[in-house]
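# Architecture and fold: a report
Below, each chain spelled out in residue letters.
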Amino acid sequence: MSQQGYVATPPYSQAQPGMGGYPAGFGSAPAQPLYRHYGGPPQSFPAPPTGKNTCLWSPIPPVKSSSIYIQQRHHNLGTLACSMLLLRLHSCSVLKVDHPPLAFPAGPGPVQSPQAPPTSHLTQQQFQTAPPTAMGHPPMGPHSSQMAHPQSPLAGPTMAGPQSMGGPPPMGGMGRPFPGPPPPGSLTLWNCLCVKGQFGGQMAGPGMAGPGMAGPGMAGPGMAGPFQGGAAQMAGPPQKKLDPDSIPSTTQVIEDDQAKRGGQVYTTNLRGQVPPLVTTDYTVQDQGKAQEYQRTVLQTCRPSLAHLTQLIKGFTPMYVVNHGETGPIRCNRCKAYMCPYMQFTDGGRRYQCGFCNCVNEVPAFYFQHLDHMGKRVDFYERPELSLGSYEFAATLDYCKNNKPASPPAYIFMIDVSYANIKSGLVRLVCDELKTLLDNLPSSMVKVGFVTYNKILHFYNVKSALAQPQMMVVSDTAEMFVPLLDGFLVNFQESRAVINNLLDQIPDMFADTNESETVFAPVIQAGVEALKAAECSGKLFIFHSSIPTAEAPGKLKNRDDKKLINTEKEKTLFQPQKAVYEQLSKDCVSQGCSVDLFLFPSQYVDIATMGDVATHTGGSVFKYSNFQVERDGQHFLSDLRKDVEKAIGFDAIMRVRTSTGFRATDFFGAIHMNNTTDVEMAAVDCDKAVTVEFKHDDTLSEETGALMQCALLYTTISGQRRLRIHNLSLNCSAQLSELYKSCETDALVNFFAKSAYRAMLNQPLKTVKEILVNQAAHMLACYRKNCASPSAASQLILPDAMKVFPVYLNSLLKTGPLVGSAELSTDDRAHQRLSTTAMGVEDTQLLLYPRLIPLHNMDVASDVVPTPVRCSEERLTDAGMFLLENGCSLFLWLGQACPPEMIQSIFNVPSLAHVSLPELDNPQSQKLRSIIDSLLDQRPSSMKLMIVKQKDRSEIMFRQHLVEDKGLHGGASYMDFLCYVHREIRQVLT
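Scope of this entry: the structure provided in the associated data block. None of the values given here were measured: they were computed from a predicted structure. Position labels on residues start from 1 in each chain and follow its written sequence. Note on the predicted model: pLDDT of at least 70 is required for a residue's local features to be given, and 80 or more for side-chain atom pairs to be given and counted; whole-chain, interface and lining totals, by contrast, use all residues. With hydrogens and water excluded, all non-hydrogen atoms of the structure serve as input to the side-chain values.

### With respect to the packing of helix α10 (residues 606-615) against helix α16 (residues 825-836)
Contact geometry of α10 with α16 gives a least axis separation of 9 Å together with a crossing angle of 20°. With respect to their mutual orientation, α10 and α16 come out roughly parallel. Both α10 and α16 take part in a crossing whose hand is right-handed. Contacts between α10 and α16 involve I606, A607, G610, D611 and T614 on the former and, on the latter, D826, A829, H830 and L833. In terms of residue class, the contact of α10 with α16 is made up of four nonpolar, three polar and two charged. What counts as an axis is a line fitted to C-alpha atoms, over the stretch in contact for a helix, and the angles between N-to-C directions run from 0 to 180 degrees. Starting at the N terminus, helices and strands are each numbered in turn, a helix being any DSSP run of H or I of at least four residues and a strand any DSSP run of E of at least two. The labels follow the angle: roughly parallel below 35 degrees, roughly antiparallel above 145, roughly perpendicular from 65 to 115, and oblique for the rest. Handedness of a helix crossing follows the sense of rotation of the near helix relative to the far helix, less than a right angle counterclockwise being left-handed and clockwise being right-handed. Any two residues having at least one pair of non-hydrogen atoms within 4.5 Å are treated as being in contact. Classification used: nonpolar for Ala, Val, Leu, Ile, Met, Phe, Trp, Tyr, Cys and Pro, charged for Asp, Glu, Lys and Arg, polar for all others including Gly.

And the structure:
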C-alpha cells in the first residue's frame with residue numbers, strides 16, 4: 001500500500017456514521033473545521049486542495065493511498081506498516097503439468113473450510129523442457145513425508161519431535177524453532193511457510209522423474225550439473241510449449257486490483273479485512289486501526305499461529321494529544337498506551353487493558369461518563385480513543401537526562417582528496433549547498449562543515465566573523481572537536497560566512513596531491529560534535545575511496561573473487577568489526593545518523609563502510625566512476641531529497657501485543673541492545689522496519705489479536721513525541737481463512753530481508769535452498785488442507801499467492817544471492833544494505849520492475865501506459881519501452897523503431913544520434929512527463945539510461961527482465977513454476 005498525507009476532517013464532537021450506533025452527523029459541520037492538540041486552544045486549518053493527491057472529507061481523517069504516495073512522502077516521517085493479511089482465496093489458480101499421478105500420504109483428513117475455494121483451470125498443456133534441471137538454483141534434497149514442525153523463514157533444520165532431520169546447520173539470526181510437537185489437530189502457519197526438513201542431496205527422489213521431468217544425471221549439454229540455467233535434456237517424447245500467457249501474471253493482478261478497488265474508500269473499522277494492493281490508488285479512512293500505515297502478511301491468524309510479520313513505513317501528519325505534565329495514560333501492568341482497545345467500566349472510573357486485561361483506575365482529569373452503550377461521551381473528541389494512529393506529546397520523563405530535547409544539527413563532511421578534487425565533485429557539492437541549505441526541513445536545524453583527507457579541518461562560521469576560520473586536527477587516533485562555539489550555527493544567521501566558506505573550499509584544496517583518506521575518525525568527529533552540542537543530528541559524508549591512511553578504521557582490500565560460490569563467500573559481506581561496530585553503538589547512543597555518498601572508482605568495501613549508515617537509520621548512495629557531466633544531476637537529485645525530507649531523531653520503538661503472541665525479531669536500518677527495544681538514530685519516510693511475531697499460546701477467535709507500536713522520537717524542531725499505531729487482527733481456526741488473505745507483497749518483503757540477513761552467516765546455496773523449500777511447503781500445505789481434490793499433474797496456487805513464485809524466483813536472481821564473479825562485490829553489498837530498509841511497495845517494484853510500452857502512448861492523455869509482463873517476449877523490434885525498478889531507469893529502443901517516431905521524440909534522424917529528449921514537441925514532452933512522474937514517486941533518484949537493441953549496454957537492461965532466465969544464473973519464471981510444482985509433490989509424498 002502506498003499512502004498520502006492526512007487531511008483534516010469535521011470535528012470529533014460530531015457523530016461518526018457506522019460507529020457505535022450513532023446516527024450519521026449530529027448537526028451540521030461548521031464552515032471552517034477547528035482542530036487542536038488535546039488540552040490546547042482550537043486551531044484552524046485550511047481545507048485540503050482538490051485533486052488526485054487529496055482525500056475526500058469524511059467523518060474520520062482519511063489517508064490517501066496511491067501509487068503516487070512518494071510524491072508527498074518526503075513531507076512525512078516514518079510509519080508503521082504491518083503485514084498480516086488473511087490469505088485471500090476466493091479462487092485458486094491451477095496449472096496443469098503432465099506428470100504421473102501422485103498418491104497422498106495416509107493420515108488424518110485435511111482441514112477443510114466449510115466450503116472449499118473454487119478453482120480455475122488455466123491450461124492443460126505440457127512444458128517443453130525438463131524444468132528441474134533448467135534451474136539456476138541449488139539442488140534440493142528429498143523431503144520428509146511429514147509436515148515438519150514450524151519455525152521462522154530461513155531458519156535452519158533442527159530436531160522435529162522424536163525424529164532428527166538432517167541438513168545444514170540452523171541459520172544464525174533467522175528465527176527460532178519451536179520445541180516439542182505441535183498441538184493435536186492444529187497446523188501452525190509456518191508449517192506452510194517453513195519446515196525443518198532435509199535440504200541437501202539431489203533434487204529428484206527415487207521414482208520421481210516422470211515425463212517432462214529430469215531425474216539425477218539428466219542434465220543436458222553444456223550444464224555443469226543440476227540447476228545451472230542451461231537447457232535440460234528431454235526425458236521423454238517432445239512436448240508442447242506452455243503458453244506464457246496462461247501462467248499467473250503480476251501485471252494482470254495489479255491491473256485487476258486497480259480496476260476493482262481503485263478510487264474506493266477503505267475504512268479500518270472492520271477487523272480482518274484485506275486492503276488493496278500496494279500498487280492500487282485508494283483512500284484510507286482511519287476508524288480505529290492504523291492500517292493506513294501497516295501491512296501484514298495475514299489479516300487473520302489461526303489460534304495456533306506461529307509467526308506474523310509487521311512493517312514500519314513513512315509517517316503522515318496526525319493528531320497530537322497533550323496531557324500536560326501528567327503525560328500519556330498507560331496500563332499499569334503492560335505499559336500499553338491509551339487506545340481504542342481499552343474497555344471503560346464502572347461508569348467510566350476504570351478501564352480494562354485490551355492487551356493484558358489489567359483493570360486500571362482512570363485519572364481524575366481524564367474521567368468522563370459513559371453513554372447507554374458503555375462508550376465514553378467524548379469518544380469522538382479524543383483521537384486516542386477513536387483513531388488507530390495518533391501522537392502524544394512526551395514529558396521530560398521521556399527525554400535524555402530529563403532535559404528538553406534540542407533541535408538536531410546537519411554536519412556536511414567533504415572528502416577533499418585528489419580524486420574528488422579532480423572529478424569536480426568538491427566544487428559541485430559546495431555550489432549546491434549554497435542554495436540547498438535554504439530548503440532544510442526546519443529553520444531550527446543547525447549546520448556545520450568539515451573537510452578531510454588524512455587529517456580533518458573544522459570551520460568556525462559564526463555570524464560575527466568576517467571570514468570563516470579553519471582549525472586542523474591531525475591526530476586522528478584521539479579524535480576531538482577543536483571548537484564548540486561557531487561550529488554548529490543557524491544557516492540564516494551565518495549565511496554570508498557559510499557562502500564565503502563554500503566558495504573558498506574548492507580553491508583551497510585545488511592543488512592537493514593527497515590520495516589517502518580516513519573514514520572512522522570522520523564519523524567519530526561528528527559524534528563528538530553532536531555530543532558537545534547536546535543534540536542529535538545527521539552526518540552527510542561525501543567519500544571516494546577505501547580508507548587506507550594510518551588511523552582507526554583503516555581497511556584492506558578483501559575483494560577475493562576466488563571466494564565466489566564457496567563456503568567463505570559470506571565473508572565478503574560481513575563487515576569488518578572492531579572499530580566500526582563500536583562506532584555504530586556510539587552513533588545510536590547520541591542519535592547521530594550517517595548518510596554516506598560514495599564515489600568509488602574501485603573496491604571500497606561497502607559491506608563495512610555502509611554498515612555504520614545502515615545501523616544508524618541512514619542511507620548509502622553509490623556513484624561508480626563519477627563524472628560531473630554524466631552523473632552530476634543524478635547525485636544532486638539524491639542529495640536534495642535526502643536533505644529536504646522529513647525525519648525524526650533519537651528514536652526508540654517498542655511493539656506490544658495481546659496475550660498469545662509476541663514480537664521476536666526485527667529487520668531494518670536499526671540497532672538493538674536488547675530483545676525488545678528497537679533503537680534508531682534517525683527514522684525517515686523512506687525507511688521500513690519488518691517485525692516477526694511468534695505464537696506462544698492459544699489466540700481467541702472472539703477477541704482477536706492486538707498490536708500496538710509505540711515510537712518515541714525527537715521531531716525536526718526538537719519536540720519529543722510518542723507516535724502510536726494500533727492494529728487488531730482476526731483469529732480463525734480455519735486454515736483456508738489464512739490463505740484467503742495472504743498478502744504476497746508483504747510476504748516477499750519479509751523473505752528478502754530474512755535471506756539478506758541469513759547470507760551473512762550461511763552459504764548462499766543453503767539460503768536459496770531454504771527459500772525454495774519454504775515456498776514448496778507453504779503451497780503444499782494449501783493443496784493438502786484447503787484445495788479441492790484434483791489430479792496430481794495440476795499445480796494449484798492460492799489465488800492471493802498465485803504470483804508469489806515469480807517474486808521468489810526474482811529474489812533468487814538478485815545480485816546478493818547470485819554467486820557470479822561478473823558482479824561487483826560492492827554492488828551486491830550495496831543492494832543488500834539498501835533492501836534491508838525497504839518498505840513493501842519498494843521491494844515489490846524491485847523484484848518485479850515496471851515495463852511500460854511507449855511507442856503507442858496517447859500524447860493527449862495524462863495516464864501512464866499500462867505496464868506489460870517483464871519478459872523479452874513482450875519487446876518488439878519497432879517498439880520503445882521504459883523499465884524502472886525504483887533503483888534503475890532504462891529507455892529501450894528497438895532496432896526497427898520508425899524514423900518518424902525517433903524524429904518526433906528525440907529530434908534526430910536515426911537511432912545512432914539518439915540522446916535525452918528535448919521538450920520541444922508533444923511527444924518528447926509526454927515522455928519527459930512520464931519519466932518525471934516516476935522519479936517523483938521514488939525515494940531516491942534514478943539515472944535514465946538509453947539502451948539500443950543489440951548494443952552492449954543492453955545486458956544491463958535485460959538482467960531486469962525477471963520472467964526470463966537470469967544472465968548470471970537463475971531460472972525463467974516458467975521453469976521455476978515447474979520446479980516448485982515438483983518440490984510440492986515431493987513434500988506431499
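### Brief notes about the nonpolar core
The tendency in soluble globular proteins is for nonpolar side chains to be buried as a group. We define the nonpolar core as a collection of buried residues of types Ala, Val, Leu, Ile, Met, Phe, Trp, Tyr and Cys that are connected through side-chain atoms lying within 4.5 Å of one another. Burial classes: relative accessible area under 20% of the type maximum marks a residue as buried, over 50% as exposed, and values in between as partly exposed (1.4 Å probe, protein chains only). Ranked by internal contacts, the top residues of the largest apolar core, which has 114 residues, are F458, I523 and I541. The element contributing the most residues to this core is helix α14 (residues 764-785), with eleven residues. Other than its neighbours up to four places away in sequence, I523 contacts L539, I541, L583, C587, V594 and V612. Judged by nonpolar contacts, the second largest core, of 42 residues, contains L437, F491, I498 and F635.

### Considerations on the side chain of N420
Residue position: N420 is located in helix α5 (residues 418-423). Owing to a relative accessible area of 2%, N420 belongs among the buried residues under this scheme. Here D415 takes part through its backbone oxygen, which lies 2.9 Å from a polar atom of the side chain of N420. Every residue in contact with N420, bar those within four places of it in the chain, is listed here: D415, L425, V426, F542, H543 and S544. What qualifies as a polar contact is a pair of N or O atoms within 3.5 Å, subject to a donor-acceptor requirement within protein and to the restriction that residues adjacent in sequence count only when both atoms come from side chains.

### Brief notes about the packing of aromatic side chains
Pairing of aromatic rings covers Phe, Tyr and Trp, the last through its six-membered ring, and needs centres within 6.5 Å; plane angles under 30 degrees mean stacked, over 60 mean edge-to-face, and all others mean tilted. Counting across every chain of the model gives 30 aromatic pairs. Taking 5.2 Å as the distance between ring centres and 20° as the angle between the ring planes, the aromatic pair formed by F542 and F597 counts as stacked. A residue pair is termed long-range when its members are at least 10 positions apart, and F542 in strand β21 (residues 537-543) and F597 in strand β22 (residues 592-598) qualify at 55 residues. F597 carries the same exposure label as F542, and that label is buried. A network of ring pairs unites the aromatic residues F542, F597, F599, F621, Y623, F626 and F635 as a single cluster. When the NZ atom of lysine or the CZ atom of arginine is within 6 Å of a ring's centre and also within 35 degrees of its normal, the charge is said to sit over that ring. Directly above the ring of F379 sits K375, whose terminal nitrogen or CZ lies 4.3 Å from the centroid. The ring of F344 carries the charged tip of R376 above its face, separated from the ring centre by 4.9 Å.

### Quick look at the sheet that holds strand β14 (residues 359-361)
Read across the sheet, three strands follow the order β12-β13-β14 without closing on themselves; strand pairing throughout is antiparallel. Single-partner strands in this sheet number two, and they are β12 (343-345) and β14. Strand-to-strand twist in this sheet, taken as the mean axis angle between neighbours without regard to direction, amounts to 30°. As paired strands, strand β13 (residues 350-352) and β14 are joined by three bridges and run antiparallel to one another. Paired with Q352 across the strands is V359, a residue of β14. Here the rule is simple: two strands pair whenever DSSP picks up at least two bridges between them.

### Let's talk about the pattern of salt bridges
Opposite charge on two side chains permits them to pair, given that their charged atoms come into close proximity. Salt-bridge detection follows one rule: a side-chain nitrogen of Lys or Arg within 4 Å of a carboxyl oxygen of Asp or Glu. One pass over the full model with this rule turns up 38 salt bridges. In this structure, D438 engages R495 in a salt bridge whose closest nitrogen and oxygen atoms are separated by 2.5 Å. A residue pair is termed long-range when its members are at least 10 positions apart, and D438 in the loop between α6 (425-436) and β17 (446-452) and R495 in helix α7 (residues 495-508) qualify at 57 residues. Overall, the relative accessible area of 37% leaves D438 in the partly exposed class. The class for R495 is partly exposed, based on a relative accessible area of 28%. With a shortest N-O distance of 2.9 Å, R630 and D631 are connected by a salt bridge.

### Considering the sheet that holds strand β33 (residues 889-893)
If you walk across this open sheet you meet the four strands as β31-β32-β33-β34, and the pairing is mixed. For this open sheet the edge positions go to β31 (850-853) and β34 (944-948), each flanked by a neighbour on one side alone. Going across the sheet, the axis of each strand differs from the next one's by a mean of 20°, ignoring polarity.

### Description of unusual backbone geometry
At D346, a position not held by glycine, the phi torsion is positive, near 55°. The residue N401 is not glycine, and still its phi comes out positive at about 55°. Structurally, N401 is set in the loop between β15 (389-393) and β16 (409-415).

### Focus on the pairing of strand β18 (residues 456-460)
For β18, the tally of buried residues reaches five of five residues, placing the bulk of the element in the interior. Residues L456, F458 and N460 line one face of β18 and the alternating positions H457 and Y459 line the opposite face, and both faces are buried. For β17 and β18, the ladder comprises three bridges, and the chain directions are antiparallel. Looking at the pairing, V450 lines up with F458 of β18. One ladder, built from five bridges, connects β18 with strand β19 (residues 469-473); its direction is antiparallel.

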